[in-house]
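# Architecture and fold: a report
Here's the letter readout for the chains.
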Amino acid sequence: MNCRSEVLEVTVEARQVEEAMLALLHTILLHRSTGKFHYKKEGTYSIGTVGTQDIDCDFIDFTFVRVSSEELDRVIRKAVSEFKDALGNTGSDGMGQISLEFYQKKKSRWPFSDECIPWEMWSIKVNVVNLANEQERQICREKVGEKLGEKVINVVEVINRHEYLPKMPTQSEVDNVFDTSLKDVQPYLYKITYQITDSLGTSVSTTMRRLIKDTLAL
């Protein structure tokens, strides 16, 4: 099976990292989650509803929609918080990447562990810039909101393509396809990883500052 891969890239200031990552990761998971399966007998089931919630950002002019699951939100926030802290340790300007991988399990015979086969990977490249004053921060607040809106549309367009999804499992196989550990929602099996680069390329930093200066000149 070929794992399809999508790459998103955002440039933000340090205080915007957490909200930008939550907005993108939650958008993807909103479209990669179902309601809980309720099996009546093998091969027959009903699917529960998935609630949604609008989230207003504090440091970005942006509102995103996420699954209304506090359990799922805690898991995502923990991963994003660790990524943000690691980015913060690099100094004022930094670069990193957080990845959301969806996979399914293939049962192996004892004594081997199950094989995890990825089928979709989302990589979000993050460039952190240090801005000089509050006026620049306000412009960045607006520009990042605009860019996030574009990224969310991009995510939805990709997800709406008719491409591979794991087939709906039988009751005995549901744990090979979905994360059934949450009580109110059932995302496809996924894992979140990240990596950090020590220095930010000057081209990215310069591009954001030029964008801000051009806006100031209007």
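Only a predicted model underlies this, so the values are computations on that prediction, with no experimental measurement involved.

As a further point, take helix H2 (residues 70-88). In a regular helix each residue adds 1.5 Å, so 19 residues correspond to 27 Å; H2 covers 26 Å between its end C-alpha atoms and thus fits that length. Residues Glu 71, Leu 72, Asp 73, Ile 76, Ala 79, Val 80, Phe 83, Ala 86 and Leu 87 constitute the buried set of H2. Of the surrounding secondary structure, the elements contacted by the buried residues of H2 are helix H1 (17-30), strand S6 (63-67), strand S7 (94-106), strand S8 (115-129), strand S9 (186-187) and strand S10 (190-197).

Note that side chains of opposite charge can pair when their charged atoms are close. Scanning the model with the defined rule gives 18 salt bridges in all. The partner of Glu 6 in a salt bridge is Arg 161, and the shortest N-O contact between them spans 3.5 Å. Placement of Glu 6 in strand S1 (residues 4-13) and of Arg 161 in the loop between helix H3 (134-159) and S9 is noted, with a sequence separation of 155 residues between them. Arg 161 sits in the partly exposed class, given a relative accessible area of 43%. Note that Arg 77 and Glu 18 form a salt bridge whose closest N and O atoms lie 4.0 Å from each other. Linking Arg 77 in helix H2 with Glu 18 in helix H1, this pair joins segments that are 59 residues apart in sequence. Each of the salt bridges in this network shares a partner with another, and the network as a whole consists of Arg 4, Glu 6, Arg 32, Glu 120, Arg 161 and Glu 163.

Here Gly 96 is to be found in strand S7. Considering only alpha carbons, one finds Gly 96 and Ile 124, 28 residues apart in sequence, at a separation of 8.4 Å. Excluding anything up to four places from it in sequence, Gly 96 contacts Phe 83, Leu 87, Ile 124, Lys 125, Val 126, Gln 195, Ile 196 and Thr 197.

What follows covers the confidence of the model for the protein chain. Detailed conclusions should not be drawn from predicted coordinates in areas where pLDDT is low. With 88% of its residues at a pLDDT of 70 or more, the protein chain has an overall mean of 88. Predicted confidence in the protein chain is weakest over helix H4 (residues 202-217), with a mean pLDDT of 56, and strongest over H1, with 98.

Turning next to the packing of aromatic side chains. Scanning all chains against the criterion turns up nine aromatic pairs. With a centroid separation of 4.6 Å and an interplanar angle of 25°, the aromatic rings of Phe 178 and Tyr 188 are classed as stacked. Of the two residues, Phe 178 sits in the loop between H3 and S9 while Tyr 188 sits in the loop between S9 and S10, which places them 10 residues apart along the sequence. One exposure class covers both Phe 178 and Tyr 188, and it is buried.

Taken in spatial order, the four strands line up as S1-S8-S7-S10 in an open sheet, and their pairing is mixed. In this open sheet, the two strands that pair with only one neighbour each are S1 and S10. Taking each pair of neighbouring strands and ignoring which way they run, the sheet shows an average axis angle of 20°. The pairing of S7 with S8 spans 13 bridges and is antiparallel. Each residue of the ladder has a partner; that of Gln 97, found in S8, is Lys 125. Sheet strands touched by H1: S1, S7, S8 and S10. Its angle to S7, the strand with the most contacts, is close to 25°. Most of the contacts of H2 go to S10, to which it runs at about 10°, and overall it touches S7, S8 and S10.

Relative to each other, H1 and H2 sit at 140°, their axes nearing to 10 Å. Between H1 and H2, the angle is such that the two are oblique. Crossing hand, H1 versus H2: right-handed. Along the contact surface, H1 presents Val 17, Glu 18, Met 21, Leu 22, Leu 25, His 26 and Leu 29, while H2 presents Leu 72, Asp 73, Ile 76, Arg 77, Val 80, Phe 83, Lys 84 and Leu 87. Residue classes in the contact of H1 with H2 are distributed as 10 nonpolar, one polar and four charged.

Analysis parameters
- Sequence order as written defines the numbering, with residues in each chain counted from 1.
- In view of the model being predicted, local features appear only for residues whose pLDDT reaches at least 70, and side-chain atom pairs are presented and counted only at 80 or more, with totals across whole chains, interfaces and linings using the full set of residues.
- Working from all heavy atoms in the structure, the side-chain values ignore hydrogens and water.
- Strands here are runs of E lasting at least two residues and helices are runs of H or I lasting at least four, both read from the DSSP assignment and numbered beginning at the N terminus.
- Given the number of residues in a helix, its expected span is that number minus one, multiplied by 1.5 Å.
- Burial classes follow relative accessibility: with a 1.4 Å probe on protein chains only, a residue under 20% of its type's maximum area counts as buried, one over 50% as exposed, and anything between as partly exposed.
- We call two residues contacting when some pair of their heavy atoms lies within 4.5 Å.
- A side-chain nitrogen of Lys or Arg and a carboxyl oxygen of Asp or Glu constitute a salt bridge if their distance falls within 4 Å.
- Known as pLDDT, the predictor's per-residue confidence is scaled from 0 to 100.
- Side-chain rings of Phe, Tyr and Trp (the six-membered ring for Trp) are treated as a pair once their centres are within 6.5 Å; stacked means planes under 30 degrees apart, edge-to-face means over 60, and tilted covers the remaining angles.
- Here, strands pair whenever DSSP counts at least two bridges between them.
- In this analysis, axes come from line fits to C-alpha atoms, helices being fitted only over the stretch in contact, and the angle between any two N-to-C directions falls in the range 0 to 180 degrees.
- Any angle from 65 to 115 degrees is called roughly perpendicular, while one under 35 is roughly parallel, one over 145 is roughly antiparallel, and all others are oblique.
- Crossings are classed by handedness, with left-handed meaning an anticlockwise turn of the near helix from the far one by less than a right angle and right-handed meaning a clockwise turn.
- When residues are grouped by polarity, Ala, Val, Leu, Ile, Met, Phe, Trp, Tyr, Cys and Pro land in nonpolar, Asp, Glu, Lys and Arg in charged, and all others, Gly among them, in polar.

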